[in-house]
Amino acid sequence: MDDQLALEALRWMMLSQVLDDRAIKLNRVGQLGVYGPVLGQEASVVGSHLAIDPAMDWLVPAYREQPAMLRHGYPLANLLATYIGRPSAVRIPDGVRMLPRQQSVGSQLPHAVGLAWGLRLRRSSAVVLTYAGEGASSEGDFHEACNLAGVVGAPLAIIVQNNGWAISTPSARQTAAESIAARALGYGLAGAVVDGNDLFAVYAAARKAVERARGGGGATLIESHTFRMGFHNTTDNPGRYRDPKLEKEAAAVDPIRRVQLYLASGRVRRRRPSGLGEGGCGGGRRCRRRGRFFPPARAG
Ligand SMILES: Cc1ncc(C[n+]2csc(CCOP(=O)(O)OP(=O)(O)O)c2C)c(N)n1
Ligand SMILES: [Mg+2]
């Protein structure tokens with residue numbers, strides 16, 4: 001990943017944090033329904049999504065991949081409207097190659113495989129990127145999806161975001177195996193475990209998976225080790241089941257801070273990157289008001 005892409009990634013990651021913050025506040029004043037933050041998982045989501053091209057590839061999200069949905073071209077207004085139960089917002093706009101956010105744990109996975117299989121049958125070079133939590137890996141849908149993906153050689157990358165928790169259930173209770181990615185062998189998939197708080201590592205693993213899928217090599221199961229820094233969603237209180245010490249430890253490897261430190265280390269020349277903040281926006285108040293602070297979404 002070159003520095004310009006790292007900067008773009010950082011902007012998406014920071015946008016994610018701003019969105020989390022605003023959505024939680026709106027929920028607290030009764031203006032938004034239940035919201036599950038991305039907090040702590042920004043590198044895992046953004047790093048993997050940067051590996052696909054929204055103009056041709058498909059995104060099949062779960063419910064904790066907001067920056068991926070936005071980068072894929074799903075309008076912010078639609079995304080927010082889905083949290084207030086506005087059915088019209090759930091309809092994905094034409095040209096945005098994305099399935100709706102899936103709240104039913106693991107049920108997006110068979111859809112993702114079917115979609116990828118269909119693309120392959122049509123001899124398309126598009127690939128599918130899908131996400132699931134480590135909790136979802138204990139669902140039957142996960143097994144069925146991975147098995148079928150192997151059998152049909154689906155052009156697919158499955159990102160299992162192992163964020164340590166499935167609401168109050170720690171990841172140690174999901175499997176007795178050393179890793180979830182180790183299952184790839186049994187399904188005939190490629191498998192990888194990656195530090196999900198390392199933007200560059202996630203991107204490299206996802207790119208490899210996408211290239212493999214595009215080249216006809218089939219699906220990859222990537223286990224991205226990260227940490228859910230916040231609550232499961234706005235109805236949850238992790239203080240009741242999780243030692244705050246764990247949050248402190250995770251804060252030391254905050255994925256956004258890591259990228260900021262890298263970019264501030266002097267490797268990026270002090271010039272405005274091309275293609276970001278269209279029209280010479282430096283991110284000031286006026287630019288933000290005009291909605292030009294963040295990279296433009298790239299719908300197909
Ligand atoms: C089929 C199904 N079972 C149970 C639930 C309730 N539920 C919502 S989220 C969740 C935990 C999922 O954990 P994980 O897959 O690790 O994803 P994370 O929330 O950590 O991103 C559960 C049990 C649900 N939404 N759907
Ligand atoms: Mg989880």
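Look a little higher up for the structure.
Keep in mind that this is a model prediction, so the values were computed, not measured.

Colleague: Help me understand the overall build of the protein, please; the structure alone is not making it clear to me.
Modeller: Helix and strand counts for the protein come out as 12 helices and 7 strands. Within the protein, the fraction of its 300 residues that count as buried is 42%. Within the protein, contacts between residues at least 6 apart in sequence are counted, and of these 74% link residues at least 24 apart.

Colleague: Explain the site of ligand 1 to me, please; I cannot follow it from the model alone.
Modeller: Lining the immediate environment of ligand 1, one finds 15 residues, of which Val105, Gly133, Gly135, Ala136 and Ala166 sit closest. In terms of residue class, the shell around ligand 1 is made up of 5 nonpolar, 7 polar and 3 charged.

Colleague: Where do I start with the sheet that holds strand 3 (residues 156–162) in this structure?
Modeller: Hydrogen bonding along the main chain pairs the strands of a sheet, whether they run parallel or antiparallel. Strand order in the open sheet made by the 5 strands is 1-2-3-7-6, with parallel pairing throughout. Strands with a single pairing partner mark the edges of an open sheet, and in this sheet they are strand 1 (58–60) and strand 6 (190–195). For this sheet the average axis-to-axis angle between neighbouring strands, irrespective of direction, equals 20°. As paired elements, strand 6 and strand 7 (residues 220–225) share 6 bridges and run parallel to each other.

Colleague: Would you explain the nonpolar core in this entry?
Modeller: As a rule of thumb, nonpolar side chains are buried together in soluble globular proteins. Judged by nonpolar contacts, the single largest core of 68 residues is most densely connected at Val127, Val128, Leu156, Ala157 and Ile222. With 8 residues, helix 9 (residues 199–214) is the single largest residue contributor to this core.

Colleague: I tried to follow helix 7 (residues 140–152) on my own but got confused; where do I start?
Modeller: Given 3.6 residues per helical turn, the α-helix brings residues three or four places apart onto the same face. For helix 7, spanning 13 residues, the distance from its first C-alpha to its last is 18 Å, which sits close to the expected 18 Å at 1.5 Å a residue. Listed in full, the buried residues belonging to helix 7 are Phe142, Ala145, Cys146 and Ala149. Along the axis of helix 7, the buried residues cluster in a sector spanning 95°; they form a single face. On its buried face, helix 7 sits against helix 6 (108–121), strand 2 (128–133), strand 3, helix 8 (184–187) and strand 7. Glycine 153 occupies a position one or two residues after helix 7 and carries a positive phi of about 60°.

Colleague: How should I be thinking about the pairing of strand 2 in this particular structure?
Modeller: Of all 6 residues in strand 2, 6 are buried; the element is thus mostly enclosed. In the sheet, strand 1 pairs with strand 2 via 3 bridges, with the strands oriented parallel. If you follow valine 60 over to strand 2, its bridge partner there is threonine 130. When strand 2 meets strand 3, the two strands line up parallel, connected through 6 bridges. Looking across to strand 3, one finds that glycine 133 is bridged to glutamine 161. Regarding the hand of the β-α-β motif, the stretch spanning strand 2, helix 7 and strand 3 is right-handed.

Colleague: Is there a simple way to explain helix 2 (residues 42–49) in this structure?
Modeller: The buried count for helix 2 comes to 8 of 8 residues, which makes it a mostly enclosed element. Residues of helix 2 that are buried: Glu42, Ala43, Ser44, Val45, Val46, Gly47, Ser48 and His49.

Colleague: What's the story with unusual backbone geometry in this structure? I'm lost.
Modeller: Glycine aside, residues mostly have negative phi, and peptide bonds are mostly found in the trans state. Of note in this structure, arginine 123 is not a glycine but carries a positive phi near 60°. Tracing the backbone through its elements, the reader meets arginine 123 in the loop between helix 6 and strand 2. The backbone of isoleucine 167 shows a phi angle near 50°, a positive value even though the residue is not glycine. Locating isoleucine 167 in the fold gives a position in the loop between strand 4 (165–166) and strand 5 (169–170).

Colleague: Could you clarify how one ought to interpret the packing of helix 1 (residues 3–28) against helix 2 in this entry?
Modeller: With their axes 10 Å apart at the nearest point, helix 1 and helix 2 run at an angle of 135° to one another. Regarding the angle of helix 1 to helix 2, the classification is oblique. Considering how the two elements wind past one another, helix 1 and helix 2 form a crossing that is right-handed. On helix 2, the residues touching Ala9, Trp12, Met13, Ser16 and Gln17 of helix 1 are Glu42, Ala43, Val46 and Gly47. In the contact of helix 1 with helix 2, the residues fall into 5 nonpolar, 3 polar and 1 charged.

Colleague: Teacher, can you tell me more about the environment of valine 60 here?
Modeller: With respect to the helices and strands, the residue valine 60 is situated in strand 1. Judged by the 27 C-beta atoms lying within 10 Å of it, valine 60 falls in the buried class. Sequence-distant contacts of valine 60, that is, excluding residues within four places in its chain, are made with Leu99, Gln108, His111, Ala112, Leu115, Val128 and Thr130.

Colleague: Any chance you could explain the environment of leucine 50 here in plain terms?
Modeller: One can find leucine 50 in the loop between helix 2 and strand 1. With 22 C-beta atoms counted inside 10 Å, the residue leucine 50 sits in the buried group. Taking C-alpha positions, leucine 50 is 8.5 Å from arginine 71, a pair spaced 21 residues apart along the chain. Setting aside residues up to four positions removed in sequence, leucine 50 forms contacts with Leu5, Ala9 and Tyr203.

Cut-off values and rules
- Within each chain, residue numbers correspond to sequence positions counted from 1 in written order.
- Following the order in which they are written, the chains are lettered starting with A and the ligands numbered starting with 1.
- Under the rules for a predicted model, residues below a pLDDT of 70 receive no local features and side-chain atom pairs below 80 are neither given nor counted, while totals for whole chains, interfaces and linings still include all residues.
- Counting from the N terminus, the helices are the DSSP runs of H or I reaching at least four residues and the strands are the DSSP runs of E reaching at least two.
- Think of it as a crowd count around each C-beta: if 20 or more other C-beta atoms lie within 10 Å the residue is buried, if 12 or fewer it is exposed, and in between it is partly exposed, with C-beta placed from the backbone throughout.
- The contact criterion used is a C-beta to C-beta distance within 7 Å, with each C-beta placed from the backbone.
- Whether a residue is near a molecule or strand depends on its C-beta atom, placed from the backbone, lying within 6 Å of it.
- Only Asp, Glu, Lys and Arg are considered charged, only Ala, Val, Leu, Ile, Met, Phe, Trp, Tyr, Cys and Pro nonpolar, and every remaining residue, Gly among them, polar.
- Note: two strands are recorded as paired if DSSP finds a minimum of 2 bridges between them.
- Only the stretch in contact is used when a helix axis is fitted, and all axes are lines through C-alpha atoms; the angle between N-to-C directions ranges over 0 to 180 degrees.
- The term nonpolar core means buried Ala, Val, Leu, Ile, Met, Phe, Trp, Tyr and Cys residues held together as one set by C-beta atoms within 7 Å.
- A helix is expected to reach a length of 1.5 Å times the quantity of its residues less one.
- Summarising the geometry, the arc corresponds to the directions from the helix axis toward the C-beta atoms.
- For crossovers, right-handed means that the path from the first strand over the helix to the second runs clockwise, given strands pointing away from the viewer.
- Any angle between 65 and 115 degrees counts as roughly perpendicular, while under 35 counts as roughly parallel, over 145 as roughly antiparallel, and the rest as oblique.
- Crossing handedness follows the turn of the near helix against the far one: under a right angle anticlockwise gives a left-handed crossing, and clockwise gives a right-handed one.

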